[in-house]
Amino acid sequence: MSPAVSSRRIPRKPAALALAAVYLALALPPARAWLEASMVGHMLIQIPLLAALGACAGLLLPAPRRAALRAALGGPLACLLAAAFASTYWMLPRALDAAVLDPLAALAKFSSLPLLVGLPLALAWERLGLIGRGFIWTNLISMLGFTGWLYLAAPLRVCNTYLVDEQARVGWWMIGLALLLFAFWLGGLFAGRRPPCAAPGRCADGQPA
């Protein structure tokens, strides 16, 4: 099912209210303090959730508005570049420290992840083919694996806010997540393949395609 079809079938107002409620809950001190207390909660729960909220909000827009916004941003490639640069920035240790200690950096995180990562990714995704979507998957998997390896290999604490034990823990989590995503992506590629057809509408065994 395409995003355009699925977004028409979802009641937009209740869904928008639900997204706003989740966003507000993440921004309020109880949930924010709980998630940012650990490096795993900060990097692998809070940050992906904020990006996912932006993507969901983008899919709730009517198709003509999505197309107009995508064109205004420069097309799918520009959207992908914006999402890649913004998401990479929030993987940096210095950015994580600033988001916990500096209110302005926290405001930048809560605004840039939905608007510069999730929303552009949703706008670009529906216009991408197999190669473009494969680029997103491979970029995400490689970024997780490489960043996780850096956290494990670093001899010193890279985040002043978090201890070395948490740094190692998030490194293993990121490597494990990268492997799981790679297996999921690869399995989806094989599951989506269909046997070649000898004639239009019919497969090689004569059965309908």
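All figures in this text were calculated on a predicted structure; none of them were measured in a lab.

Scoring rules and cut-offs
- Residues numbered from 1 in each chain as written.
- Predicted model: local features only at pLDDT ≥ 70, side-chain atom pairs only at ≥ 80, totals over all residues.
- Heavy atoms only, no water.
- Helix = DSSP H or I, 4+ residues; strand = E, 2+ residues; numbered from the N terminus.
- Phe/Tyr/Trp six-rings, centres within 6.5 Å; stacked < 30°, edge-to-face > 60°.
- Buried < 20%, exposed > 50% of the residue type's maximum accessible area, 1.4 Å probe, protein only.
- Core = buried A, V, L, I, M, F, W, Y, C linked by side-chain atoms within 4.5 Å.
- Contact = heavy atoms within 4.5 Å.
- Patch = residues over 30% accessible without salt bridge, like charges linked within 9 Å, V, L, I, M, F, W, Y side chains within 5 Å.
- Areas by Shrake-Rupley, 256 points an atom, 1.4 Å probe, with all protein chains shown as cover.
- Salt bridge = Lys/Arg side-chain N within 4 Å of Asp/Glu carboxyl O.

Peer 1: It is not clear to me how the environment of serine 38 should be interpreted in this structure. Could you clarify?
Peer 2: Here serine 38 is to be found in the loop between helix H3 (29–36) and helix H4 (39–60). A C-alpha to C-alpha distance of 9.3 Å links serine 38 and leucine 163, two positions 125 residues apart in sequence.

Peer 1: Explain the packing of aromatic side chains here, please?
Peer 2: Ring pairs (aromatic) are described by centroid distance and by the angle formed between their planes. All chains considered together, the criterion is met by 4 aromatic pairs. Relative to tryptophan 90, the ring of tyrosine 89 lies with its centre 4.9 Å away and its plane at 80 degrees, an arrangement referred to as edge-to-face. On the accessibility criterion, tyrosine 89 (44% relative accessible area) is partly exposed.

Peer 1: Help me out: how do you make sense of the nonpolar core in this one?
Peer 2: Membership of the largest hydrophobic core comes to 33 residues, with the highest contact counts inside it found for Met39, Met43, Leu96, Tyr151, Val170 and Met174. Within the residue set of this core, elements represented by two or more residues are helix H2 (12–27), H4, helix H7 (93–101), helix H8 (103–125), helix H9 (130–153) and helix H10 (164–191). With 9 residues, H4 is the single largest residue contributor to this core. Aside from chain neighbours lying at most four places away, what touches valine 170 is Met39, Val40, Met43, Leu44 and Tyr151. Core analysis: the second largest hydrophobic core is formed by 7 residues, Cys79, Leu80, Leu123 and Leu128 among them.

Peer 1: Honestly, a nonpolar patch on the surface in this entry has me stumped. Any pointers?
Peer 2: A cluster of nonpolar side chains, Leu130, Phe182, Leu186, Leu189 and Phe190, forms an exposed patch at the surface whose accessible area comes to about 490 Å². The dominant element in the nonpolar patch, judged by the number of residues it contributes, is H10, at 4 residues. Judged by its relative accessible area of 39%, phenylalanine 182 falls in the partly exposed class.

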